[in-house]
Amino acid sequence: MVAPSTHTHETSTAQARWSVARWAAVNAAAMSAAWGLFGLFGGTIEALGAEHDSSARDLSLLTAFILGGSLFAHLRQRALLPRVPRTKRVAAAAIVGLTVGFVAGFLIAGPPLDFVLGIFAIGAVAGAVEWRILRHQLRRHGSLAAIGAVAWLVAGVAAVAPAALFGDAIDAAAGGGTAGFVTILLLVGFVGGAAGGALEGLALRSRVT
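Residues numbered from 1 in each chain as written. Predicted model: local features only at pLDDT ≥ 70, side-chain atom pairs only at ≥ 80, totals over all residues. Heavy atoms only, no water.

Q: Teacher, can you tell me more about the overall build of the chain here?
A: Looking only at helices and strands, the chain has seven helices and zero strands in total. The N-to-C order of helical and strand elements in the chain reads α-α-α-α-α-α-α. The C-alpha radius of gyration of the chain comes to 17 Å, within 12% of the 17 Å expected for a compact globule of 209 residues. Principal-axis analysis of the C-alpha atoms gives the chain an extent of 60 × 30 × 30 Å. (Helix = DSSP H or I, 4+ residues; strand = E, 2+ residues; numbered from the N terminus. Rg over C-alpha atoms; globule rule 2.2 N^0.38 Å.)

This is the structure we're talking about:
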């Protein structure tokens, strides 16, 4: 149980530093990094001669997810109740969620379901762990996991829409190849992170302030 003085200090910190806009921004930054690294590492390893379905490429993508999931947890802690330690646990949940979600989507139907489920799973799984850790600092925390799951499912669907509509134009503008792929995935991550963070942030607003 958190001592009353600690709880009061954490609430004051949250009121001073936290906002829906910042929450959306940090999630957009983290998700952009995860998917941008996915495109950069995967594209680079293929350009160096690795096969698309090779172990070397798969390991490069896993590395991107490890870095992206870790950043996702780190930025979220900095934006909300930073003195409550949780980065390692949330990062582990984010990495597992992102990896399992992406692989499941790929095996079920391939793109774009792999991106949809990857974004959904990182937000829903990591969020559920995070809200459990913060249950003594947030009001009405019990519904946050369910709200977050819906928010990140919507975010996953929203994320792939711009790429589906404008992907060819973006790829051409970026010069194609790895650069084009990375640019498209940066957009996917940005839209997904911003949408999921904003929807999740609206639910958090009345629970933090």
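Q: Before we go on, may I ask you to explain the confidence of the model for the chain in this structure?
A: Any residue range with low pLDDT should be treated as having predicted coordinates unsuitable for detailed reading. Per-residue confidence for the chain gives a mean pLDDT of 90; residues scoring 70 or more make up 91%. Within the model, pLDDT remains below 50 along residues 1-17, and this stretch shows 19 contacts once partners closer than five positions in the same chain are excluded. (pLDDT = per-residue confidence, 0-100. Contact = heavy atoms within 4.5 Å.)

Q: Help me understand the side chain of Arg 86 in this model?
A: Mapped onto the elements, Arg 86 comes out in the loop between helix 3 (55-79) and helix 4 (87-108). If sequence neighbours within four positions are ignored, Arg 86 has contacts with Arg 76, Gln 77, Leu 80, Leu 81, Glu 130, Ile 133 and Leu 134.

Q: Would you take a moment to explain the packing of helix 3 against helix 5 (residues 113-133) for this structure?
A: The relative placement of two packed helices is expressed as an angle between their axes plus a distance between the axes. It is at 12 Å that the axes of helix 3 and helix 5 come closest, and there the two elements cross at 45°. The pairing of helix 3 with helix 5 is recorded here as oblique in orientation. Relative to helix 5, helix 3 is oriented so that their crossing is right-handed. Contacts between helix 3 and helix 5 pair Gly 69, Phe 72, Arg 76 and Gln 77 from the former with Ile 122, Gly 123, Ala 126, Gly 127, Glu 130 and Trp 131 from the latter. Among the residues making up the contact of helix 3 with helix 5, the classes are represented as four nonpolar, four polar and two charged. (Axes fitted to C-alpha atoms, helices over the stretch in contact; angles between N-to-C directions. Parallel < 35°, antiparallel > 145°, perpendicular 65-115°, else oblique. Left-handed = near helix turned anticlockwise from the far one by under 90°. Nonpolar A, V, L, I, M, F, W, Y, C, P; charged D, E, K, R; others polar.)

Q: Looking at this structure, how should I read helix 7 (residues 177-208)?
A: Every α-helical turn comprises 3.6 residues, leaving residues that sit three or four positions apart pointing alike. For helix 7, which comprises 32 residues, the first-to-last C-alpha distance of 44 Å matches the rise-based estimate of 46 Å (1.5 Å per residue) to within 8%. Along helix 7, the sharpest kink reaches roughly 35°, centred on Leu 202. (Expected span 1.5 Å × (residues − 1). Bend = angle between axes of the 7 residues up to and from the residue.)

Q: What exactly am I supposed to notice about the packing of helix 5 against helix 7 here?
A: Interaxial distance between helix 5 and helix 7 falls to 11 Å at its minimum, and their mutual angle equals 35°. The element helix 5 and its partner helix 7 pack so that their crossing is right-handed. The residues of helix 7 that touch helix 5, namely those facing Phe 115, Ile 119, Gly 123 and Trp 131, are Leu 185, Val 188, Gly 192, Glu 200 and Leu 204. Looking at the contact of helix 5 with helix 7 residue by residue, the classes come out as six nonpolar, two polar and one charged.

Q: Would you take a moment to explain a nonpolar patch on the surface for this structure?
A: A cluster of nonpolar residues, Val 150, Val 154, Leu 199 and Leu 202, forms a patch on the protein surface that exposes about 330 Å² of accessible area. Of all the elements in the fold, those that place two or more residues in the nonpolar patch are helix 6 (144-173) and helix 7. (Patch = residues over 30% accessible without salt bridge, like charges linked within 9 Å, V, L, I, M, F, W, Y side chains within 5 Å. Areas by Shrake-Rupley, 256 points an atom, 1.4 Å probe, with all protein chains shown as cover. Salt bridge = Lys/Arg side-chain N within 4 Å of Asp/Glu carboxyl O.)

Q: Would you explain the pattern of salt bridges in this entry?
A: Two side chains that carry opposite charge are able to pair once their charged atoms sit near each other. In this structure the tally under the stated criterion is four salt bridges. The residue Arg 76 makes a salt bridge to Glu 200 at a minimum N-O spacing of 2.9 Å. Of this pair, Arg 76 sits in helix 3 while Glu 200 sits in helix 7, placing them 124 residues apart in sequence. Each member of the pair, Arg 76 together with Glu 200, is buried. The shortest N-O distance in the salt bridge between Glu 130 and Arg 86 comes to 2.7 Å. With Glu 130 in helix 5 and Arg 86 in the loop between helix 3 and helix 4, the pair connects residues that are 44 residues apart, well separated along the chain. Overlapping salt bridges, with partners in common, bring together Arg 76, Arg 86, Glu 130 and Glu 200 in one network. (Buried < 20%, exposed > 50% of the residue type's maximum accessible area, 1.4 Å probe, protein only.)

Q: Looking at this structure, how should I read the packing of aromatic side chains?
A: Both the distance between ring centres and the angle between the ring planes are used here to describe each pair of aromatic rings. Per the counting criterion, the structure on display carries 12 aromatic pairs. Their ring planes at 25° and their centres at 5.5 Å tell us that Phe 38 and Phe 65 sit as a pair that is stacked. Taken together, the positions of Phe 38 in helix 2 (residues 20-47) and Phe 65 in helix 3 put the pair 27 residues apart, joining distant regions of the chain. An aromatic cluster is built from Trp 35, Phe 38, Phe 65, Phe 102, Phe 115 and Phe 181, whose rings are joined through pairwise contacts. (Phe/Tyr/Trp six-rings, centres within 6.5 Å; stacked < 30°, edge-to-face > 60°.)

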